[in-house]
There are 2 protein chains.
Amino acid sequence: MKLDVAFLPAGDPRDVAVVIDVLRMTTTAAALLGRGMRRLTIVAGTDEALELSATTGALLFGERNGLPLPGFHGGNSPVEHLDTDYGEQSAILCTTNGSKAVEAVPNARHLLLGAIVNARAVARVALELATESITLVCAGTDGVVSLDDVLGAGCIASEIVASQPDVRLSDAAKIALMVARAPAGIGATLTAAHHADALRDLGFAADVEFAARASSLNLVARRTSRGPAAFEAVVPAVG
Amino acid sequence: MKLDVAFLPAGDPRDVAVVIDVLRMTTTAAALLGRGMRRLTIVAGTDEALELSATTGALLFGERNGLPLPGFHGGNSPVEHLDTDYGEQSAILCTTNGSKAVEAVPNARHLLLGAIVNARAVARVALELATESITLVCAGTDGVVSLDDVLGAGCIASEIVASQPDVRLSDAAKIALMVARAPAGIGATLTAAHHADALRDLGFAADVEFAARASSLNLVARRTSRGPAAFEAVVPAVG
């Protein structure tokens with residue numbers, strides 16, 4: 001089994017790919033699943049998202065430049081969902097950056113959304129599905145490497161190595177592991193990310209704190225056959 | 001002052017750029033300067049390198065797949081030069097990978113070659129030259145991120161931060177710093193690089209050991225006005 005990390009969307013992985021956008025798309029996805037949401041669809045364009053919500057009745061969440069959009073049911077903040085029970089509902093996540101990352105891995109046999117909050121569950125589901133390789137794809141921000149995503153990749157890599165110590169690590173995977181194992185710890189490392197600063201300035205400090213709670217959720221969004229950006233909640237076979 | 005790291009050649013930096021190919025081009029460049037070599041020219045093609053050597057009398061060193069080429073004065077091993085005095089001579093380094101990285105930063109106002117062995121000197125010369133930004137450009141290997149180069153970038157970044165603590169770090173620079181400051185230490189981290197394994201298999205273990213001797217050389221190769229890939233030795237103003 002090979003484990004690789006792409007610091008930005010690239011490389012056309014063919015077996016298991018995990019898209020990581022810690023601040024905040026994939027953390028929000030995990031938070032929604034944790035509150036009972038059954039299905040998620042990732043959409044880039046606002047018009048397409050509004051139309052899909054109108055025709056399917058799915059709840060619509062999203063952001064532009066970190067802030068909620070008018071006409072949506074909510075923004076892209078994971079903590080805004082923590083008191084809601086979405087039992088078996090469907091949601092649309094409208095986010096340019098996360099959507100681009102999902103679109104960048106069209107040929108992956110299996111696609112998961114990964115974050116720090118569900119790192120262990122992602123590692124387990126990825127190992128259950130993979131036959132040859134797992135590729136952790138960091139979303140980055142507009143083509144620039146994001147520390148928060150590389151940290152997320154490192155947290156997932158660390159759980160994969162713990163379950164399967166003989167996995168073959170690429171140099172990039174080793175770098176991500178060093179970031180996750182930095183003496184400062186996951187919380188302080190996430191806080192050091194440029195994007196964490198930007199979110200704090202917008203009043204979303206609680207999101208950054210939530211996003212650093214490693215493996216606090218035992219659910220993963222997995223792409224279904226219903227569409228290239230349609231995901232459903234799965235739990236690892238071994239909890 | 002901004003400090004950024006490119007994990008692979010990209011981004012078109014405009015102020016000070018430092019190309020890093022720790023195993024082995026930029027380490028060998030520093031070793032040659034340390035033995036008195038005055039000028040270096042980086043050339044990609046074998047035929048061009050042989051012709052330039054014949055017309056200028058410059059010594060010719062290089063590799064293909066890690067091994068010396070026939071008709072050359074030596075390979076790309078830094079330790080093979082340690083007993084030679086090259087007082088004021090010129091050399092051509094023929095290396096595809098390093099050459100590509102140099103070609104990828106054509107618009108940098110100043111271009112340096114950096115390695116772990118001259119990290120402190122590179123940091124000082126870069127800070128002397130820079131007005132806005134320093135970009136550490138990792139050569140990688142055929143488009144794949146190399147741990148050895150990111151470690152080299154982290155060692156140079158660490159020296160820059162030590163000299164100028166208020167430098168603004170990109171997320172990528174922070175990641176490189178975490179790699180350089182990993183508890184395992186520089187030697188063990190370099191040994192973990194895929195390229196270090198490959199060199200050991202080829203019999204070049206001494207090169208890997210040499211390449212990890214942080215700031216053992218106080219010289220830097222700096223691009224001159226004589227050509228896009230022509231370098232001369234400089235020493236930091238403050239030793």
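This write-up is about the structure you can find in this document.

Parameters and conventions
Residues numbered from 1 in each chain as written. Chains lettered and ligands numbered in written order. Predicted model: local features only at pLDDT ≥ 70, side-chain atom pairs only at ≥ 80, totals over all residues. Heavy atoms only, no water. Helix = DSSP H or I, 4+ residues; strand = E, 2+ residues; numbered from the N terminus. Rg over C-alpha atoms; globule rule 2.2 N^0.38 Å. Buried < 20%, exposed > 50% of the residue type's maximum accessible area, 1.4 Å probe, protein only. Contact = heavy atoms within 4.5 Å. Areas by Shrake-Rupley, 256 points an atom, 1.4 Å probe, with all protein chains shown as cover. Lys, Arg positive; Asp, Glu negative; His and termini not counted. Charge placed at Lys NZ, Arg CZ, Asp CG, Glu CD. Core = buried A, V, L, I, M, F, W, Y, C linked by side-chain atoms within 4.5 Å. Axes fitted to C-alpha atoms, helices over the stretch in contact; angles between N-to-C directions. Parallel < 35°, antiparallel > 145°, perpendicular 65-115°, else oblique. Nonpolar A, V, L, I, M, F, W, Y, C, P; charged D, E, K, R; others polar. Least-squares fit on C-alpha atoms with pLDDT ≥ 70 in both. Phe/Tyr/Trp six-rings, centres within 6.5 Å; stacked < 30°, edge-to-face > 60°. Lys NZ or Arg CZ within 6 Å of the ring centre and 35° of its normal.

Take the overall build of chain A next. Looking only at helices and strands, one finds nine helices and 11 strands in chain A. Relative to a compact globule of 239 residues, whose C-alpha radius of gyration would be 18 Å, chain A shows 16 Å and is just as compact. By its C-alpha atoms, chain A is 50 × 40 × 30 Å across when sized along the principal axes. Residues classed as buried in chain A amount to 56% of the 239 residues present. Put simply, of all contacts in chain A between residues at least 6 apart along the chain, 77% involve residues at least 24 apart. Looking at chain A as shown, the accessible area adds up to about 9300 Å², and 50% of this sits on carbon and sulfur atoms. Computed over 19 positive and 26 negative side-chain charges, the separation of the two mean positions in chain A equals 6 Å.

With that settled, consider the nonpolar core. Judged by nonpolar contacts, the single largest core of 102 residues is most densely connected at Ile134(A), Leu136(A), Ile134(B) and Leu136(B). In this structure Ile134(A) touches Met1(A), Lys2(A), Leu3(A), Asp4(A), Val16(A), Val18(A), Ala126(A), Leu127(A) and Ile160(A), once residues within four positions along its chain are discounted.

Where helix α6 (residues 171-180) of chain A contacts helix α5 (residues 147-163) of chain B, the two axes come as close as 9 Å, and the packing angle between them is 40°. With respect to their mutual orientation, α6(A) and α5(B) come out oblique. Contacts from Asp171(A), Lys174(A), Ile175(A) and Met178(A) of α6(A) reach α5(B) at Leu147(B), Asp148(B) and Val150(B). Tallied by class, residues from the contact of α6(A) with α5(B) come to four nonpolar, no polar and three charged.

With an axial shift of 0.0 Å and an RMSD of 0.0 Å, the rotation relating chain B to chain A amounts to 180°. On this basis, the relationship between the two copies can be described by a two-fold rotation axis. Interface residue correspondence from chain B to chain A reaches 100%, placing this contact among same-surface, isologous pairings.

Attention now goes to the packing of aromatic side chains. For the coordinates displayed, the defined rule picks out three aromatic pairs over all chains. Taking 4.9 Å as the distance between ring centres and 45° as the angle between the ring planes, the aromatic pair formed by Phe7(A) and Phe7(B) counts as tilted. Taken together, the residues span two chains, with Phe7(A) in the loop between β1 (2-6) and β2 (16-20) and Phe7(B) in the loop between β1 (2-6) and β2 (16-20). Phe7(B) matches Phe7(A) in its accessibility class, with the two residues each being buried. Measuring from centroid to centroid gives 6.1 Å for Phe61(A) and Tyr86(A), while their planes differ by 70°, and the two rings are edge-to-face. With a gap of 25 residues between them, Phe61(A) in strand β4 (residues 59-64) and Tyr86(A) in the loop between β5 (67-68) and β6 (90-94) connect regions that are remote in the sequence. Taken as a pair, Phe61(A) and Tyr86(A) share a single burial class, namely buried. Taking NZ or CZ as reference, Arg24(A) lies 4.3 Å from the ring centre of Phe204(A), over its face.

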